[in-house]
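Here is what each chain is made of, one letter per residue.
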Amino acid sequence: MKIKIKHPAKTTWPLVIIPMMPRDLASANFKNFSKKEDLPKKIISSFSAKKATCLLLAGSQTEQIILVGIGEDPTYKDILFVFRKFAVDHKKQLNTKLTLHLSFTSMAKNAQKITLLTAAAVNGLQLSTYDIGLYKTHDKIVHPLAKSTSTLTILVDKTFQNEVEDAALEGAAKGSTQLSIMDLVNAPGNKAIPEVLGQWAINSGKRFGYKTTVFSKKKITSTGLHALLAVNRGSEYMPAFVVMEYKPKNAGKKKLPKVGLVGKGVTFDTGGISIKGHQNMHYMKSDMGGAAAVLGTMELTAKLQLPVHLIGIVPATDNCVDATAIKPGDVINSYSGKTIEIIDTDAEGRLILADGLAYLNKKFNPEIMLDLATLTGSSVRTFGYQCGAAFSKNEQLIAQLTAAGDATGERIWPLPLWDDYQNHMDSDVADIKNFSGRPVAGAISAAKFLEFFTNKHPQWAHLDIAGVAFGDTGFSKQKSATGYGVGLLVEFLKNLV
Ligand code: BES
Ligand code: ZN
Ligand code: ZN
């Protein structure tokens, strides 16, 4: 989607969308706006401007004006939803040229608000082009805004043209990265195999300027990533261990905050020998939502050239059933040297994350370590689909993540990491066990397991995103990828500097 910023001169534009809040209606002056219709009367009588309402004002071939309601004081998430829904619902009527007129809402009077409005609107328009029919061979209709010729013209008064341009470009950059990771999460376990995650990172790194190394099984073995290898034992596919590193092009000798991310890349989770029930098992193709968030964050950070030193790690494998698969009761080794008793092979995500975290910490020594994983059903039972569960002993880190989540609508909420829970994970035979065996506090004991492999890192947080990475988006018949994580993490990184 090409973006142009223009002054709202008295020309007619192809298909004009005008976002408005209810309170904007009283003061909106549409005199002389349309040549053919008496707009003020129409507006007053039939448009509320409530969230996700719309009204077609003038419908001639040369002039189409659509008012889109964004509700009173909308958040980023509200605006994104309104524009995504609008452009999905009107896919057949839209064409490649679209105009967004920002002069009729009072949000345009303030730099911060017009930035929010523009970024979220463009992000939403970009996401509206998402095509979930990855493997459909016919009846494909390409969304007009996804075509190479598509152009979005934004009309805005001189005062904030620069802000609007930056926000629009950022909204579009973010949207296109989200589209790409949504494909990964929606792709089934026989398509998005570990090698594919590695290749995604290699391609993205080449295109946007960050370094990617994908460890082969041989390298994973010689490095001693034993826990990743253990989960991979039941798999027909080779594991992958993706290591990505980004620094801005003009970094020079500037001191940059060093942040490390680890994402769970289980490309399909059958549960292993502790096999899951068959109902909804197909949704376990999404068990790499953490990996997708980390991959997307590497890409968007590089696109935006943020002033951070960012390391991303994605341990990837599926969790399958085979004669060679790990069994309950087995004791395995890990990269850290700590031994793990396997109680339940379905608690596999924490095993590969243990290796990812220990490797990240030892090799890169980052100031901040974050991991993201679709880790437990327990976190979904606790929070539903509204937020990820966050764990950290560092209150400032929790506060920074909460703020970034609130700003982007990709929210998190804390749960405790008290040491009183540590004995849930005590093993008689090994250094730790991978499942408490108790029907309570599952998300917390999983977090305590991970903490065991962080070497008491002072700025580590774990985000359990099982409820938010994949779900009912309103844009597909079944559950599908939400793109969660990229917005949250990039906002967090932007606020660091
Ligand atoms: N991938 C699942 C967690 C999950 C559940 C993600 C629902 C998304 C939606 C994870 O590997 C798992 O199976 N966790 C078990 C852990 C248990 C065996 C200790 C769980 O939460 O039931
Ligand atoms: Zn599992
Ligand atoms: Zn899993």
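Use the structure listed above.
Now for a look at the structure at hand. This is a predicted model, so every value here is computed, not measured. (Residues numbered from 1 in each chain as written. Chains lettered and ligands numbered in written order. Predicted model: local features only at pLDDT ≥ 70, side-chain atom pairs only at ≥ 80, totals over all residues. Heavy atoms only, no water.)

## Examining the overall build of the protein
Cut-off, in case you're wondering: Only DSSP runs of H or I covering at least 4 residues are called helices, and only runs of E covering at least 2 are called strands; the numbering of each starts at the N terminus. Atoms counted for the radius of gyration: C-alpha only. Globule rule: 2.2 Å times residue count to the power 0.38. Here the term buried applies to any residue with accessible area under 20% of the maximum for its type, exposed to any over 50%, and partly exposed to those in between, with areas from a 1.4 Å probe on protein chains only. By definition, residues are in contact when any of their heavy atoms lie within 4.5 Å. What sets the accessible areas is the Shrake-Rupley method with a 1.4 Å probe; for residues, cover comes only from the shown protein chains. In this charge count, Lys and Arg are treated as positive and Asp and Glu as negative; neither His nor the chain ends contribute. A charged residue contributes its charge at one atom only: NZ of Lys, CZ of Arg, CG of Asp or CD of Glu.
For the protein, the count of helices and strands is 13 helices and 20 strands. Computed over its C-alpha atoms, the radius of gyration of the protein comes to 24 Å, within 12% of the 23 Å expected for a compact globule of 497 residues. Here the C-alpha coordinates of the protein stretch approximately 80 × 50 × 40 Å along the principal axes. Taken across its 497 residues, the protein has 57% of its residues classed as buried. Of the contacts formed within the protein by residues at least 6 apart in sequence, a portion of 76% connects residues at least 24 apart. When the accessible surface of the protein is summed, it comes to about 21300 Å², and 52% of that surface belongs to carbon and sulfur atoms. Each charge sign in the protein was given a centre, from 58 positive and 44 negative side chains, and these centres are 7 Å apart.

## Thoughts on the coordination of the zinc ion (ligand 3)
Cut-off, in case you're wondering: In this analysis a donor is any N, O or S atom within 2.8 Å of a metal ion (3.2 Å for sodium, potassium and calcium), and since water is not included, sites may seem incomplete. Metal sites are grouped by the angles between bound donors: all angles between 85 and 135 degrees with four donors is tetrahedral, opposite donors over 155 degrees apart with the others between 65 and 115 is square planar for four donors and octahedral for six, and any other pattern is irregular.
Those protein atoms acting as donors to the zinc ion (ligand 3) are Lys264 (NZ), Asp269 (OD), Asp287 (OD) and Glu348 (OE), and they sit at 1.9 to 2.4 Å. Considering all six donor atoms around the zinc ion (ligand 3), the spread of angles at the metal, 77 to 172°, places the coordination shape in the octahedral class. For the zinc ion (ligand 3), the single-chain donor residues occur in sequence as K-x4-D-x17-D-x60-E. Taken as a pair, the zinc ion (ligand 3) and the zinc ion (ligand 2) lie 3.2 Å from each other and share aspartate 269 as a ligand. Here glutamate 348 lies in the loop between strand S13 (340–341) and helix H9 (349–364) and aspartate 269 lies in strand S10 (residues 265–269), a separation of 79 residues in the sequence.

## Re the site of ligand 1
For clarity, the threshold we go by: Nearness here has a simple test: a residue counts as near a molecule or strand if at least one of its heavy atoms is within 4 Å of that partner. Here a polar contact means two N or O atoms within 3.5 Å. Within protein one must be a hydrogen donor candidate and the other an acceptor candidate, and residues neighboring in sequence count only if both atoms are side-chain atoms.
Taken together, 16 residues are adjacent to ligand 1, and Asp269, Lys276, Asp346, Glu348 and Gly377 come closest. Aspartate 287 places a polar side-chain atom, nitrogen or oxygen, 2.9 Å from a nitrogen atom of ligand 1. At 2.7 Å from an oxygen atom of ligand 1 is found a main-chain nitrogen or oxygen belonging to glycine 377. Protein contacts shield 80% of the accessible area of ligand 1, which totals 520 Å² for the unbound molecule.

## Comments concerning the side chain of serine 445
Residue placement: serine 445 occurs in helix H12 (residues 442–451). On the basis of relative accessibility, which here comes to 1%, the residue serine 445 falls in the buried class. With sequence-adjacent residues up to four places away left out, serine 445 is seen in contact with His424, Met425 and Ser436.

## Digging into the coordination of the zinc ion (ligand 2)
Octahedral metal centres with six donors ideally show angles of 90 or 180 degrees, and tetrahedral centres with four donors ideally show 109.5 degrees. The protein atoms that coordinate the zinc ion (ligand 2) are Asp269 (OD), Asp346 (O), Asp346 (OD) and Glu348 (OE), at distances spanning 2.0 to 2.2 Å. Of note is the zinc ion (ligand 2), whose six donor atoms meet at the metal with angles of 70 to 167° in an arrangement that counts as irregular. Sequence positions of the residues that donate to the zinc ion (ligand 2) give the spacing D-x76-D-x1-E. Under the relative-accessibility criterion, glutamate 348 is labelled buried at 1%.

## What to know about the pairing of strand S1 (residues 2–6)
Along any regular strand the residues' side chains alternate between the sheet's two faces. Filter applied, for reference: In this analysis, strands are considered paired if DSSP registers two or more bridges between them.
Burial of the side chains of S1 is restricted to one face: Ile3 and Ile5 are buried, whereas none of Lys2, Lys4 and Lys6 on the reverse face is. Sheet analysis places S1 next to strand S6 (residues 151–155), joined by five bridges and oriented parallel. Its bridge partner being in S6, lysine 2 is matched across the sheet by threonine 151.

## Some words on the environment of leucine 415
Mapped onto the elements of the fold, leucine 415 is located in the loop between strand S16 (412–414) and strand S17 (432–433). Among the residues examined, leucine 415 registers a relative accessible area of 17% and is labelled buried. Sequence separation of leucine 415 and serine 392 is 23 residues, and the distance between their C-alpha atoms is 8.4 Å. Discounting residues that sit within four places of it in the chain, leucine 415 has contacts with Thr382, Phe383, Ala389, Ala390, Phe391 and Ala443.

## Things to note about the nonpolar core
The following threshold applies: The set of buried Ala, Val, Leu, Ile, Met, Phe, Trp, Tyr and Cys residues whose side-chain atoms join them within 4.5 Å is what this entry labels a nonpolar core. Where each domain starts and ends follows an automatic or database-derived domain assignment.
Formed by 94 residues in total, the largest nonpolar core has its most connected members in Phe83, Ile154, Met244, Val314 and Leu370. The element that contributes the greatest number of residues to this core is helix H4 (residues 161–186), accounting for 10 residues. Looking at this core, you find at least three residues from each of domain 1 (2–157) and domain 2 (179–496). If sequence neighbours within four positions are ignored, phenylalanine 83 has contacts with Ile17, Pro19, Ile70, Leu100, Ala121, Gly124 and Leu125.

## Looking at the sheet that holds strand S12 (residues 331–332)
The three strands are arranged S12-S13-S17 in an open sheet whose pairing can be described as mixed. The open sheet has two edge strands with one neighbour each: S12 and S17. Inspection of the sheet shows S12 paired to S13 by two bridges, in the antiparallel sense. By the bridge assignment for S13, isoleucine 332 is matched with isoleucine 340.

Don't take any of this as a statement about function, it's just geometry.
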